[in-house]
Amino acid sequence: MITSHNLGFPRIGAERELKFAQETYWKGQSSLADLKAVGAELRRQNWQTQASLDLVPVGDFAFYDQMLDMSFTLGNLPERVRGYEGDLLDNYFRVARGRSAPQAMGSNPEGVAAGEMTKWFDTNYHYIVPEFTAGSEFKLDAARLVDQIREAKAVGVNVKPVIVGPVTYLALGKAKDDSDNLALLPKLLTVYQQLLETVANEGCEWIQVDESILVTELESAWQKAFETAYQALSTSKVKILLTTYFGPLLANLPLVAALPVAGVHLDAANAREEVATLIQKLPADRVLSLGVINGRNIWKTDLNGLLDWLEPIAKQLGDRLWIAPSCSLLHVPVDLDSEKKLDGEIKSWLAFAKQKLEELRVVKQALAGGRGSVEAELKANQAAIASRRQSLRVNNPAVKAAVAKIDAKLGERKSEFPKRAEKQAAILKLPKFPTTTIGSFPQTADIRRARNQFKAGKIDETSYTAAMENEIARCVREQEALGLDVFVHGEAERNDMVEYFGEQLDGYAFSEFGWVQSYGSRCVKPPILFGDISRPKPMTVRWIKYAQSLTKKPMKGMLTGPVTILNWSFVRDDQPRSVSCKQIALAIRDEVLDLEKAGVQVIQIDEAALREGLPLRRFQWKEYLDWAVESFRIAANGVSDSTQIHTHMCYSEFNDIIEAIAQMDADAITIETSRSDMELLEAFETFKYPNDIGPGVYDIHSPNIPTEKHIVGLMQKAAERIPAERLWVNPDCGLKTRQWEEVIPALTNMVAAAKTLRVTTNAQ
Ligand SMILES: CN1c2c(nc(N)[nH]c2=O)NC[C@@H]1CNc1ccc(C(=O)N[C@@H](CCC(=O)N[C@@H](CCC(=O)N[C@@H](CCC(=O)O)C(=O)O)C(=O)O)C(=O)O)cc1
Ligand SMILES: N[C@@H](CCS)C(=O)O
Ligand SMILES: [Zn+2]
């Protein structure tokens, strides 16, 4: 019998129950017991939803992040949070976000430095980076996993615990003292051995061990680490299913095939071409789990096409074949059935997490009982696939023609940076160390309530516009009072920096409940790019003009760049991403030019997702960066010399892409640096990045407020690497997740720091 299973299910809940429970607790408005009860209920519901599977994941639920869970399971806590005497979950939140609920802060009400957060491979999910030193010690705490195994058994499902594998755990962590992470492997393996033994003692037959770094290029020491690790774990009584996802194994395939594990999971949605070789290389007693349903997109699977390919494999492998989604379903929304307003035709093309598991059920049934046993389901699927292929709504010949006409000149500024900078300085007359913010100001409950009421038809457009203008006016007043130099309008009218644009562009559809976890309690609702993209009318101009009318300070026009819109959308799988990106670039270019025409002097085009879109394999980087940079340049560079173009990137490791960033040729770039203590600037220094830089000095992901002294210190470090006259002073990222009570003191300190720097640091 073929085994069906799942690698992970979205933990946030169909109505974002986890988010609301977390935030209520963090505000001190509920108890830890309330929060834990919500978690338990979500896990119960998720297991029930997955009950038709032969094996159900356990341990995929996390109160913040699965990597942080693993750090706690392994007893790998940063020194600064050790010895905390309260509840473990409160300590966990202290690592995750610098603090827990007010009632749990005890003797340290100011909080601690939060753990660094970074992107999970090429997804929009963020994990908390494990911290190591040469002396790191590990100590098993399996209580969380054991409790959840028991809970799941009580629900009546067949349990398959899920953990992050030892090599991936080490590879994704960071040594705080520059020691070699790999040197910790022997100590770590002892704890993993204990963990596997514990799981076996709970009566589990299988454990899923995620080793996702196997889809990246591995140096030989890391390849060797896999051999060492799995040799050491091979004596365990529980069977290991080694899971890899997000791409092909390429050079790592022979290594994976030879590891002494009971089964291997391959992302067959993205690496179908490797299946035959893996079957050939895998010893005959091993299970092969194929990720046949794409866990990263929201499109229905062509089930008949899949079966054409899979049936012979099923015959060949028999019981050795397992089927699953390609990766954890963490990256897709929970339930398409919640969508009541989505266009019926488009909805018929889609599948969210629950629907993907239903697809898996149909595939398993078709393999076990023949296609005839699921005839109705397969027919309906075929009709949906054909409808999408043939739909006239997908193709817009005018857009295709505009993309075909793109030439190199479209992305060229008129003059080089020094000449532009001179012209811009003459108009903007900014002081040294100019201060600015990244765009958004707090998205207050009032703003969200007004938008909710507008969308529900409870208030009309005039009232909604008035409410948003009120917020913009407040934001301008606050910036005047703070004494910032370059203003923003605060993005009150935007639900999200990508969804907002998706809602206004033709070729996009958007959902009501299609939430996906981005980090902690924060979720995004990626818009669905289904057709050729065009801009029916200006999208931001009226708001920016209104904001500019309230002040004499320069007001930044605020846009999201084409690469970020693309990377944070669910995109088409029927044309190259590069083509979709250029279509978006042309739409954003028109918006940039409209802003310029409206008299806007500074235009920021956020490319926060440029880095994360990099293919996981280096040999594919150049091709991606070429079209990504070209798309940005098309969007940005139609303006005159005197218009100042900014871009913004957060969470970026810049070393790898610094050349591409320079080629984008924005007049100024603001970046995230505060948690990494300006380390990220090394790339800009080494490369001699020629344009202006604003290294973030305020970690906006933590409620902690940076002091003036701290900011001055960070900027002095920055000035050691970058000429002071090219430095801006700004937060790491937008302020939408913060409260006004946090933002005002933090920005007051930031402006004060800039003033201090102007008198203490030499800049021309
Ligand atoms: C910069 N980041 C972003 C990423 N990806 C994006 N697509 N967008 C980003 O900004 N990736 C990297 C980082 C990740 N960072 C963040 C930061 C903050 C959020 C966030 O705040 N998300 C919000 C949801 C935002 C949103 O869409 N808001 C809507 C709906 C608001 C809402 O929940 N309404 C309530 C009703 C409210 C009421 O009646 O009072 C409801 O619908 O129930 C809006 O403003 O209209 C979040 O809450 O998680 C995400 C990623
Ligand atoms: N302008 C956006 C960028 C976030 S990456 C903001 O300020 O929220
Ligand atoms: Zn940002």
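Because the structure is predicted, anything quoted here is derived from the model rather than measured.

**Focus on empty space enclosed by the protein**
One pass over the structure, following the stated rule, counts five cavities of 30 Å³ or more. In this structure, the largest cavity occupies an estimated 240 Å³ of space. Every residue lining the largest cavity is counted, 21 residues in all, and those nearest its centre are Arg 11, Asp 60, Gln 66, Val 162 and Asp 210. Within the residue set of the lining of the largest cavity, elements represented by two or more residues are α3 (66–73), β6 (159–164) and β8 (206–210). Class assignment for the residues of the lining of the largest cavity results in ten nonpolar, six polar and five charged.

**Brief notes about the packing of aromatic side chains**
Using the criterion set out here, one finds 21 aromatic pairs in the structure. Ring centres of Tyr 500 and Phe 501 lie 5.4 Å apart, and the angle between their planes is 85°; on these two criteria the pair is classed as edge-to-face. As far as the burial class goes, Tyr 500 and Phe 501 line up, both buried. Put simply, the rings of Tyr 25, Trp 26, Tyr 64, Phe 72, Tyr 92 and Phe 93 touch in pairs and so form one group of aromatic residues. In this structure, Arg 16 packs its charged tip against the face of Trp 515, placed 3.6 Å from the ring centre. Above the plane of the ring of Trp 299 lies Arg 388, whose end atom (NZ or CZ) is 3.6 Å from the centre.

**Digging into helix α4 (residues 88–97)**
In an α-helix there are 3.6 residues to a turn, and that puts residues three or four apart on one side. Counting buried positions along α4 yields nine of ten residues, so the element is predominantly enclosed. The complete set of buried residues in α4 reads Leu 89, Asp 90, Asn 91, Tyr 92, Phe 93, Arg 94, Val 95, Ala 96 and Arg 97.

**Re the site of ligand 1**
Ligand 1 sits among 24 residues. The nearest are Lys 19, Asn 124, Arg 451, Asp 496 and Lys 736. In the environment of ligand 1, an oxygen atom lies 2.6 Å from a nitrogen or oxygen atom belonging to the side chain of Arg 451. Cys 523 places a polar main-chain atom, nitrogen or oxygen, 2.8 Å from an oxygen atom of ligand 1. Coverage of ligand 1 by the protein amounts to 85% of the 990 Å² it exposes when considered alone. Every element with two or more residues in the shell around ligand 1 is listed here: α17 (445–455), β14 (516–519) and β15 (522–524). Sorting elements by how many residues they give to the shell around ligand 1 places α17 first, with four residues. Residues that form the shell around ligand 1 fall into these classes: six nonpolar, eight polar and ten charged. Mapping the shell around ligand 1 onto the domain boundaries places at least three of its residues in each of domain 1 (3–106 + 115–284 + 314–327) and domain 2 (419–442 + 480–495 + 537–761).

**Let's talk about the UniProt feature "binding site: Zn(2+) 1" (unreviewed entry) in the protein**
In the numbering adopted here, UniProt assigns the feature "binding site: Zn(2+) 1" (unreviewed entry) to His 648, Cys 650, Glu 672 and Cys 733. Maximum C-alpha separation among the annotated residues is 8.7 Å over a sequence range of 86 residues, consistent with a single clustered spot. Among the secondary structure elements, Glu 672 is positioned in the loop between β20 (668–671) and α25 (681–687). With respect to the helices, strands and loops of the structure, Cys 733 is situated in the loop between α26 (708–721) and α27 (740–760). For Cys 733, a relative accessible area of 17% corresponds to the buried category.

**Details of the nonpolar core**
Ranked by internal contacts, the top residues of the largest apolar core, which has 118 residues, are Tyr 230, Leu 290, Val 292, Leu 310 and Leu 321. In terms of residue count, helix α7 (residues 185–201) provides more of this core than any other element does, nine residues in total. Membership of the second largest hydrophobic core comes to 101 residues, among which are Leu 529, Ala 683, Tyr 689 and Val 697.

**Considering the pattern of salt bridges**
Note that side chains of opposite charge can pair when their charged atoms are close. Summed over all chains, the structure comprises 50 salt bridges. A salt bridge links Arg 44 to Glu 41; the nearest nitrogen and oxygen atoms lie 2.6 Å apart. Taken as a pair, Arg 44 and Glu 41 lie in helix α2 (residues 32–49) at a separation of three residues, close to a single helical turn. Overall, Glu 41 belongs to the partly exposed group, its relative accessible area being 32%. Between Arg 43 and Glu 151 there is a salt bridge, and its shortest N-O distance comes to 2.8 Å. You can see Arg 43 sitting in helix α2 and its partner Glu 151 sitting in helix α5 (residues 143–155), a full 108 residues away along the chain. Through salt bridges with shared partners, one network takes in Lys 400, Asp 532, Arg 572 and Asp 574.

What counts, and at which threshold
- Residues numbered from 1 in each chain as written.
- Chains lettered and ligands numbered in written order.
- Predicted model: local features only at pLDDT ≥ 70, side-chain atom pairs only at ≥ 80, totals over all residues.
- Heavy atoms only, no water.
- 1 Å grid on protein atoms, 1.4 Å probe; cavity = no way out; pocket = protein on both sides within 12 Å on 5 of 7 lines; lining within 4 Å.
- Points joined across faces, edges and corners; volume = space filled by probe spheres on them.
- Helix = DSSP H or I, 4+ residues; strand = E, 2+ residues; numbered from the N terminus.
- Nonpolar A, V, L, I, M, F, W, Y, C, P; charged D, E, K, R; others polar.
- Phe/Tyr/Trp six-rings, centres within 6.5 Å; stacked < 30°, edge-to-face > 60°.
- Buried < 20%, exposed > 50% of the residue type's maximum accessible area, 1.4 Å probe, protein only.
- Lys NZ or Arg CZ within 6 Å of the ring centre and 35° of its normal.
- Near = heavy atom within 4 Å.
- Polar contact = N/O pair within 3.5 Å; in protein donor to acceptor, adjacent residues only side chain to side chain.
- Areas by Shrake-Rupley, 256 points an atom, 1.4 Å probe, with all protein chains shown as cover.
- Domains from an automatic or database assignment.
- UniProt positions renumbered as here; feature names shortened; annotations may be inferred.
- Core = buried A, V, L, I, M, F, W, Y, C linked by side-chain atoms within 4.5 Å.
- Salt bridge = Lys/Arg side-chain N within 4 Å of Asp/Glu carboxyl O.

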